[in-house]
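Secondary and tertiary structure notes
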Amino acid sequence: MKNRKSIFAFFAISAAMIFASCSNLTDANVSSSSEDKNTLNIEVTNYDEVVTQASKSANRASRTIIPDSFDSDGVDLYIYGVATTGDKFTAPVIVEFEGNADAAGVNPSKTVGKIKIDAEAEVWEFTLAAVAKDDVPATLDEMKTKAVLIAYASLDMTYGDTAKFTLSPDGLTKAASVAMKLYNDGWTTPDGYKITAGIYKLTDGADATTTGDGSGDATAKDFASLDTSEPATANYTLPSMTPGTYLFKVIYTSDATKKSFVWSDTLIVLPGKTVDSPIAIPNVIGEKPSVPTVFKASYEAGSEDERIGYYTVDFEWSRGSNNELSYELEVLPLAAATTLPSSDDEWNTAATGTKALPFDAKFSSSDFYSSGSLLTGNTAAAAYLELGVRYAARLRAVNDAGKSDWAYVTVDGTKGTAFTSAVISRYRITYNLNGGVYYSDGDTSKTGSAVNIVEYFCEKTTGGNAILQPDGKGADGLLNATADANSAAWGEWVTGDGTKFTETAYTGSANLELFAKYSSGTQDVEFLKKEDYFIKGTWLTVDEKAFTDRQNALSIDASKKTSSKWNFKPVADGNKITAEFKYDSVTIALTKGAQTYWSKTVYDVGTAGTDFVIPLSKLNIGTYLVTVSASYSTNIYVSYPIAANITR
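Residues numbered from 1 in each chain as written. Predicted model: local features only at pLDDT ≥ 70, side-chain atom pairs only at ≥ 80, totals over all residues. Heavy atoms only, no water.

Turning next to the sheet that holds strand E13 (residues 244-254). Across the sheet, four strands lie side by side as E11-E10-E13-E14; this open sheet has antiparallel pairing. Here the strands that pair on one side only, and so sit at the sheet edges, are strand E11 (221-223) and strand E14 (260-269). The average angle at which neighbouring strand axes cross in this sheet is 20 degrees, direction not considered. One ladder, built from three bridges, connects strand E10 (residues 193-200) with E11; its direction is antiparallel. (Pairing = 2+ DSSP bridges. Helix = DSSP H or I, 4+ residues; strand = E, 2+ residues; numbered from the N terminus. Axes fitted to C-alpha atoms, helices over the stretch in contact; angles between N-to-C directions.)

See below:
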């Protein structure tokens, strides 16, 4: 495609800008003197979809469709903060940058600057916005109104001093326009094909409409034919389009065969700008898609409790071509000692006696869905996978002409944290204290903890992961039984059936439950297993509609009501959940990114159930994470995540 501007024109802007000596803003660090207790360190990354689609694709030139760059006026970055205590900035603060290499003297595209703000050691919600240069905002509302890119981050400055931001046009409202020139690049559309061009949502493939959320006018336009060279005037125009990141698709459909062939690319719509790139479309009719490249997996640190017994795995890849209709992803449980397959034959051998989890274009409606999409134009998808299970994965592109070869996953992904063995594998070790108190520094004169210790690891076959040894003789602390168990010292770990566990390092991959046994005295202890207290989807009712088992997504139309009523009612199962059972507490929290928009906790919740009423009037449209969590005894914490799409 003959793209008139480089994707990085927006981020380079000009030598006179705040990004002086940088060619593009890919990973900016803003820091100031560590002697200043109120210093905020800022990490800024340009919009991930721009980087992913444009610069990470090894087999094609930068072709992401973007509007006019801001090189004529430039932008400044402003930050604003509000603390949970009520403290806030008196006005947005400008962030000043200067060019700099990283510690190794490489990556000259990084920039480093300084900012000093009166941010006390509290929990802060920060907003970072790119605003046209010299258009100084006086308030947060003004900053949001003037922004061309925006990002959010939460930070507890009691424990940390670094906030990470990803700039995006999503959520901004200043209208843009589209005036693009579409043409077949030197080829003629065969007879009998209808041509449709439009702007679509990346996640579900629906028409984005001019409002970006489905409530405006449709963007799809039909063409009887397209020129074979660049036309003199724009032939795909929209006078108004809400800013955001979308997919632009040109679809060729045969009335006779009912087959469709598509060309697609990412469309970046920035506030107040016009997308006017010429689009040269190669011949995609009858062409199978190429195999995806650079297919990688990594895990999201801290995601283990977002779905009980599961954690989040990030898959990422590069498009092998731009004519797929969707992707197919298969995730295969692996037997112990089996390594990642890298060919069809190795996959088939590894699959003996097991069955892969298949995901296709409908991935976003599956129980395992976390984020992303397998529809055309996407290069990332995240899935909930089970703790304690080893996995492999493979991916291929699909269209009406056929399927590409499989791409086999490697575990050196960049979006999350790398696995420590050559497979997708993460597990949980639970140390059940059995009524004991653990002193992390071995000092019983200080306050200890009776809460079970839960740790998460990736499989580590060489050397293994160390097993906690709380005997007071080393650096692992001290574990004593409580007074009613004769205050006996910890003696050993045993498994659920009472068998002594003698390993000092664990080289396995299955979840491990260990129970404390003390050196003397009698302990009347119940072995509590988290799995016995998992939350079931069928315990939830939302706006009078019952959830199905393992359902993890729903839509709420906020145009018809001011609140959403959630009922949580455990059902007795004759096992651990009895008619008399009660969770100590149940919390429902609604979050997006690192920000919590609403949360409520109710105590002593049993089979009688309880209601949670979520206010909708102040919520913007979009997808939020609703987490239902519960606690029982001193050491059982379980949760159930739900993706809630708020519409109007």
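It is possible for side chains bearing opposite charge to pair when their charged atoms get close. Going through the model one piece at a time under the given rule, you end up with 17 salt bridges. Here Lys403 ties to Glu328 by a salt bridge, and the two come within 3.3 Å at their closest N and O atoms. On the criterion of sequence distance, the pair formed by Lys403 in strand E24 (residues 402-403) and Glu328 in strand E19 (residues 326-334) is long-range, its members being 75 residues apart. Here Lys403 falls in the partly exposed class, since its relative accessible area comes to 38%. A relative accessible area of 18% places Glu328 in the buried class. Overlapping salt bridges bring together Asp135, Glu142 and Lys146 as one network. (Salt bridge = Lys/Arg side-chain N within 4 Å of Asp/Glu carboxyl O. Buried < 20%, exposed > 50% of the residue type's maximum accessible area, 1.4 Å probe, protein only.)

For the rest of this paragraph, the subject is the side chain of Asn432. Among the secondary structure elements, Asn432 is positioned in strand E26 (residues 426-432). Engagement of the side chain of Asn432 in a polar contact is seen with the side chain of Asn452, the distance being 3.0 Å. (Polar contact = N/O pair within 3.5 Å; in protein donor to acceptor, adjacent residues only side chain to side chain.)

The next subject is the nonpolar core. Counting 43 residues, the largest nonpolar core has Phe295, Phe315, Leu329, Leu374, Leu385 and Ile424 as the members making the most contacts within it. Every element with two or more residues in this core is listed here: strand E17 (293-299), strand E18 (310-318), E19, helix H4 (344-350), strand E22 (380-386), strand E23 (390-399), strand E25 (407-408) and strand E28 (453-458). The next biggest cluster of nonpolar side chains, apart from the first, holds 34 residues, and it includes Tyr533, Ile556, Val586 and Leu616. (Core = buried A, V, L, I, M, F, W, Y, C linked by side-chain atoms within 4.5 Å.)

For the rest of this paragraph, the subject is the packing of aromatic side chains. Using the criterion set out here, one finds 28 aromatic pairs in the structure. Look at Tyr310 and Phe368: their rings are 6.0 Å apart centre to centre, the planes differ by 65 degrees, and that puts the pair in the edge-to-face class. Of the two residues, Tyr310 sits in strand E18 while Phe368 sits in the loop between strand E20 (357-359) and strand E21 (369-372), which places them 58 residues apart along the sequence. Residue class for Tyr310 comes out buried when judged on its relative accessible area of 14%. On the accessibility criterion, Phe368 (14% relative accessible area) is buried. Above the ring of Tyr236, the side-chain terminus of Lys221 is found at 6.0 Å from the ring centroid. Of note, Lys249 hangs over the ring of Tyr200, and the distance from its end group to the ring centre comes to 4.4 Å. (Phe/Tyr/Trp six-rings, centres within 6.5 Å; stacked < 30°, edge-to-face > 60°. Lys NZ or Arg CZ within 6 Å of the ring centre and 35° of its normal.)

The next subject is the environment of Arg319. Relative to the elements of secondary structure, Arg319 occurs in the loop between E18 and E19. Here the alpha-carbon distance between Arg319 and Gly377, two residues 58 residues apart in the chain, equals 7.6 Å. Here the side chain of Arg319 touches Ser264 through a polar contact of 2.7 Å, side chain to side chain. Looking at Arg319, its side chain comes within polar contact range of the side chain of Glu324, at 3.0 Å.

Judged by how many residues are buried, E22 sits mostly within the fold: five of seven residues are covered. As paired strands, E18 and E22 are joined by seven bridges and run antiparallel to one another. Residue pairing across strands places Val313 opposite Ala383, the latter belonging to E22. Pairing analysis gives three bridges linking E21 to E22, with the strands arranged antiparallel.

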